[in-house]
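# A look at the structure
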Amino acid sequence: VQLQASGGGLVRAGGSLRLSCVVSGTINSPAVMGWYRQAPGEQREPVVRVVDSGSPTYGESVQGRFIFSRDNDEKTMYLQMNNLRPEDTAVYFCGAHDLRILKMYWGQGTLVTVSS
């Protein structure tokens, strides 16, 4: 299994970016798919997670601004980030937690920088 994230970049506060993550290989069900981020000097934190085809659960700081979506045919998940803030600056990782075999897969990370 490999995850390939893309779409990061530099944006001004109030702007938008869309991240993509292509998943190759087979991830069993049940699985937790999601996006995480890690700011400099901080621990990695969940941004949004979804179990199988359930509803996404967003972190409090991104609720109402970020939107998770997925295209199962293309095996791609997305993170639409709106009204970005400087505190959203971080490396964003897509992740897939295969709950059947208890294995976590990570994408390589994509840097999002929000200037004030």
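For the structure itself, consult the block above.
Right, let's walk through the structure included here. Sequence order sets the numbering: in each chain, residues are counted from 1 along the sequence as written. Thresholds applied to this predicted model are a pLDDT of at least 70 for local features of residues and 80 or more for the giving and counting of side-chain atom pairs; totals over whole chains, interfaces and linings are not thresholded and use all residues. Water and hydrogen atoms play no part in the side-chain values, which are based on all heavy atoms of the structure.

### A look at the state of the cysteines
Going by this rule: Cysteine sulfur pairs qualify as disulfides if the two atoms are within 2.5 Å. The secondary structure listing takes helices from DSSP runs of H or I that are at least 4 residues long and strands from runs of E that are at least 2 residues long, numbered from the N terminus. Relative accessibility under 20% of the residue-type maximum defines a buried residue, over 50% an exposed one, and the middle range a partly exposed one, all with a 1.4 Å probe and only protein chains included.
Within this structure, the stated rule accounts for one disulfide. The residue that forms a disulfide with Cys21 is Cys94, at a sulfur-sulfur distance of 2.2 Å. Between Cys21 and Cys94, the S-S dihedral sits near 70°, and the bridge is therefore right-handed. You can see Cys21 sitting in strand 3 (residues 17-24) and its partner Cys94 sitting in strand 9 (residues 90-98), a full 73 residues away along the chain. Given the relative accessible area of 0%, Cys21 is considered buried.

### Examining the packing of aromatic side chains
Short version of the rule: Each Phe, Tyr or Trp ring, with Trp reduced to its six-membered ring, pairs with another whose centre is within 6.5 Å; inter-plane angles below 30 degrees give stacked pairs, above 60 give edge-to-face pairs, and intermediate values give tilted ones. Remark: a charge is flagged as sitting over a ring if the NZ atom of Lys or the CZ atom of Arg is within 6 Å of the ring centre and within 35 degrees of the ring normal.
Here the structure, examined in full by the defined rule, presents two aromatic pairs. Considering the side-chain rings of Tyr36 and Trp106, the 4.9 Å spacing of their centres and the 75° angle between planes classify their relative orientation as edge-to-face. Of this pair, Tyr36 sits in strand 4 (residues 31-38) while Trp106 is found in strand 10 (residues 103-106), placing the two residues 70 residues apart along the sequence. Relative accessible area serves as the criterion here: at 9%, Tyr36 is assigned to the buried category. On the accessibility criterion, Trp106 (37% relative accessible area) is partly exposed. With a centroid separation of 6.3 Å and 80° between ring planes, the pair formed by Phe93 and Trp106 is classed as edge-to-face. A residue pair is termed long-range when its members are at least 10 positions apart, and Phe93 in strand 9 and Trp106 in strand 10 qualify at 13 residues. Ring pairing ties together the aromatic residues Tyr36, Phe93 and Trp106, which thus form one cluster. The ring of Phe93 is capped by Arg44, whose NZ or CZ atom sits 3.7 Å from the centre of that ring.

### Thoughts on the pattern of salt bridges
This is how the line gets drawn: Throughout this description, the term salt bridge denotes a Lys or Arg side-chain nitrogen within 4 Å of a carboxyl oxygen of Asp or Glu.
Under the defined criterion, the tally for this structure stands at three salt bridges. Between Glu45 and Arg37 there is a salt bridge, with the nearest N and O atoms lying 2.8 Å from each other. What makes Glu45 partly exposed here is its relative accessible area of 35%. With a relative accessible area of 6%, Arg37 lands in the buried category. The salt bridge involving Arg65 is made with Asp88; its shortest N-O contact spans 2.7 Å. Here the residue Arg65 occupies a position in the loop between strand 6 (57-58) and strand 7 (66-71), and Asp88 occupies one in the loop between strand 8 (76-81) and strand 9, the gap between them amounting to 23 residues.

### Comments concerning the sheet that holds strand 3
Two strands in a sheet stick together by hydrogen bonds in their backbones, pointing the same way (parallel) or opposite ways (antiparallel). Applied cut-off: By this definition, two strands are paired if DSSP reports at least two bridges between them. Every axis corresponds to a line fitted to the C-alpha atoms, with the helix fit spanning only the stretch in contact, and the corresponding angles, defined between N-to-C directions, vary from 0 to 180 degrees.
Read from one edge to the other, the open sheet built from four strands follows the order 1-3-8-7, with strand pairing classed as antiparallel. Only two strands of the sheet have a single neighbouring strand rather than two, namely strand 1 (2-6) and strand 7. Within the sheet, the average angular offset between the axes of one strand and its neighbour, ignoring direction, is 15°. Here strand 1 pairs with strand 3 via five bridges, running antiparallel. Across the sheet, residue Ser6 finds its bridge partner in strand 3, namely Ser20.

Keep in mind these values describe shape, not function.
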